[in-house]
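One letter stands for each residue in the lines below.
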Amino acid sequence: MTSLAATGLARPHRWLRAHPLAADTLLAVLVLGLVLVGVYLGPRTAAHPPGLVFALLATAACASLALRRRAPRAVLALTAALTVVATITAHDGGPPRTQVATATAVALYTVAARTERPTAWRIVAVTVAVVTAAVMLFGPPPWYAQENVGLFAWTGMAGAAGDAVRSRRAFVAAIEERAVRAERTREEEARRRVAEERLRIARELHDVVAHHIALVNVQAGVASHIMDSRPEQAKQALAHVREAGRSALEELRATVGLLRQYGDPEAPTEPAPGLGVLDQLVDGFARVGLRVEVAAASTLPEGSGTATGAAGAAAVLGPLPGAVDLTAYRVLQEALTNVHKHAGSGARAEVALLRSADSLHLTVLDDGGDGPGRAPEGGAAGDASGGGHGLIGMRERATALGGVCEAGPRDGDAPGFRVRAVLPLQARTGDVRPLGFDA
C-alpha cells in the first residue's frame, strides 16, 4: 500500500486532522455532490426531473454533516427526517429519490463509531427500520423497489462499518495501554533490581570495612602500646596493619568496580570470596589474638567425611553454589568480626560447618572472653546490641537464599553467643548471584 508520504498527501492529512470542522465541512460538500450527481444524472432523470424542494432538502441534510462530531445523534435524527421528507415529497411518478440517504448513512456511521456497542446497535436498528419503513409506506410505489432495498442495505452497512471502526479503535487503544503498562512495569522492575543491587553492594562494603578496619584498629593499638618496649613486635603489628589495609583496598576496589558500565574491560573479574579461602580469614583473626577452631563435616553419600581446621573445610564440603559460598563466607566473617570486637582479648571461637544433600549449616560459638566492653545482652558473635547492621546483613543474606540466620546467647548458662545459619543449596539460588559476576 502506498503511504501518504509517498503520495504527497501527508501534509493535507495532518492539516485535516488538526481541523476537524473543516474536514467535516469538506465531507459534507463531497456527500452533497454525490447526491446531486446521482439524482440529476440518473437514467430516468430526464423524464422525471427532481424539483427545487428536493434539492433544498438534500442540501440541508448534507450541510448538517459539518456538525456530525459535535452532535452526532442530533445530526442523525435530522438527516433521517430530511431523508424521509425528501423521498416522500419527490413522489412525482418517477423512481424513489433515496440518494439523500447517503447523508443518513454517514451520520449513522458516525454515531456507531462514537458510541458503545449496545447503544449503537439499538440506534442503528431503530434508524434503519424507521427510515426504510417510512420510505416503503409513503414513498413512490412499488414498496419493494430496488432503491428501497438499497436504502435498507446501505444504512445497515454504514452502522456495521461504524461499529467495526469503534472496535478497531478500542483494540488499538488497549494495545497502547498495555504497552504503556508494560513499559511502566519494566521501569519499576529495573528500579527494583537497582535497589537490590545497591543493597548488596552496601552489604559487601559493610562486611569488608567492618572486618578489615577492626583488624587495623587492633593492630594499630598493639603497635602503639609496645612501640617503645618491643619495637620488633611493633613493626610486625604495623606490617599486619599494612596487609589488612591492602586487603581492604583490594576488596573495596572490586566491589566499587561493579558500578562501572556493563562491558567495561577494566571491570573486575576476580571470583568473590568463599569457603575456599576460609583459612586466610581464620589466619587474619589469629594474628590479632582470636583463636578460631574450625570443624567441617559432610553427609553426602559420595563425599562424606570430616575435617578439622580451616584448610581442609572446603575439600570436605565440596563445591557449593556461588551465592551460597559467598553468603557462608560473609556470615562467618561478620560473626568472627563481632566476636573479636565485643568478646575482648583471650576469646575463643568455634566454627562448625555441616554439608547435607540440600543445605549447608553454619554455627559460630564464642566463649564470651573477658572483655569489659561486651554488651550484657548482645555483642559477641551475634552483635545483637542493636548498635550496628551486622546481624541485619547476615539475616538478609540468608533470607535472600531462602534460608535463616539466628543469633543469641548460648544454650543454658554457658557464656558467650551463638550464630547459626541454614542455607539451602537449591531453593532460589538460581535467582541470586554473588557480587562480581555476570551470568
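Please read all numbers here as calculations on a predicted model, not as lab measurements.

Cut-offs and rules
Residues numbered from 1 in each chain as written. Predicted model: local features only at pLDDT ≥ 70, side-chain atom pairs only at ≥ 80, totals over all residues. Heavy atoms only, no water. 1 Å grid on protein atoms, 1.4 Å probe; cavity = no way out; pocket = protein on both sides within 12 Å on 5 of 7 lines; lining within 4 Å. Points joined across faces, edges and corners; volume = space filled by probe spheres on them. Nonpolar A, V, L, I, M, F, W, Y, C, P; charged D, E, K, R; others polar. pLDDT = per-residue confidence, 0-100. Contact = heavy atoms within 4.5 Å. Pairing = 2+ DSSP bridges. Helix = DSSP H or I, 4+ residues; strand = E, 2+ residues; numbered from the N terminus. Axes fitted to C-alpha atoms, helices over the stretch in contact; angles between N-to-C directions. Salt bridge = Lys/Arg side-chain N within 4 Å of Asp/Glu carboxyl O. Buried < 20%, exposed > 50% of the residue type's maximum accessible area, 1.4 Å probe, protein only.

(A) Empty space enclosed by the protein, seen in detail. One pass over the full model with this rule turns up 1 cavity of 30 Å³ or more. By volume, the largest cavity amounts to about 30 Å³. If you go around the largest cavity, the residues you meet are Arg348, Glu350, Leu365, Asp366, Asp367 and Arg410. Here the residues of the lining of the largest cavity are counted per class, giving 1 nonpolar, no polar and 5 charged.

(B) Looking closely at the confidence of the model for the chain. Confidence along the chain averages 78 in pLDDT terms, with 80% of residues attaining 70 or more. A low-confidence stretch, residues 372-380 (pLDDT under 50), is modelled with 22 contacts involving residues beyond four sequence positions or located in other chains. Taken as a whole, residues 382-387 scores under 50 in pLDDT and shows 17 contacts with residues more than four places along the chain or in a different chain.

(C) A look at the sheet that holds strand β5 (residues 404-409). Judged by pairing direction, the sheet is mixed, and its 6 strands sit side by side in the order β2-β1-β3-β4-β6-β5 without closing on themselves. The outermost strands of the open sheet, each flanked by one partner alone, are β2 (305-308) and β5. Each neighbouring strand pair of the sheet contributes to a mean axis angle of 10 degrees, computed without reference to strand direction. Against the sheet, helix α12 (residues 322-342) touches β1 (291-298), β3 (348-355), β4 (359-366) and β6 (417-424), its axis set at about 10 degrees to β4. Contacts between helix α13 (residues 390-400) and the sheet are confined to β5 and β6, with β5 contributing the most and set at about 150 degrees to the helix.

(D) Highlighting the pattern of salt bridges. Evaluation of the coordinates by the stated rule reveals 13 salt bridges. One salt bridge in this structure joins Asp24 and Arg69, with 3.1 Å as the shortest N-O distance. With Asp24 in helix α3 (residues 20-40) and Arg69 in the loop between α4 (52-63) and α5 (72-89), this pair connects stretches of sequence that are 45 residues apart. Exposure remark for Asp24: the relative accessible area of 2% places this residue in the buried category. The class of Arg69 is partly exposed, set by a relative accessible area of 35%.

(E) Summary view of the environment of Glu293. Following the sequence through the fold, Glu293 ends up in strand β1. Sequence-wise, Glu293 and Val351 are 58 residues apart; in three dimensions their C-alpha atoms are separated by 6.0 Å. Excluding its chain neighbours within four sequence positions, the residues that come into contact with Glu293 are Arg348, Ala349, Glu350 and Val351.

(F) Structural context of the packing of α3 against helix α6 (residues 101-113). It is at 9 Å that the axes of α3 and α6 come closest, and there the two elements cross at 145 degrees. Facing Leu27, Val31 and Val35 of α3, the residues of α6 in contact are Thr102, Ala103 and Val106. Of the residues in the contact of α3 with α6, the class split is 5 nonpolar, 1 polar and no charged.

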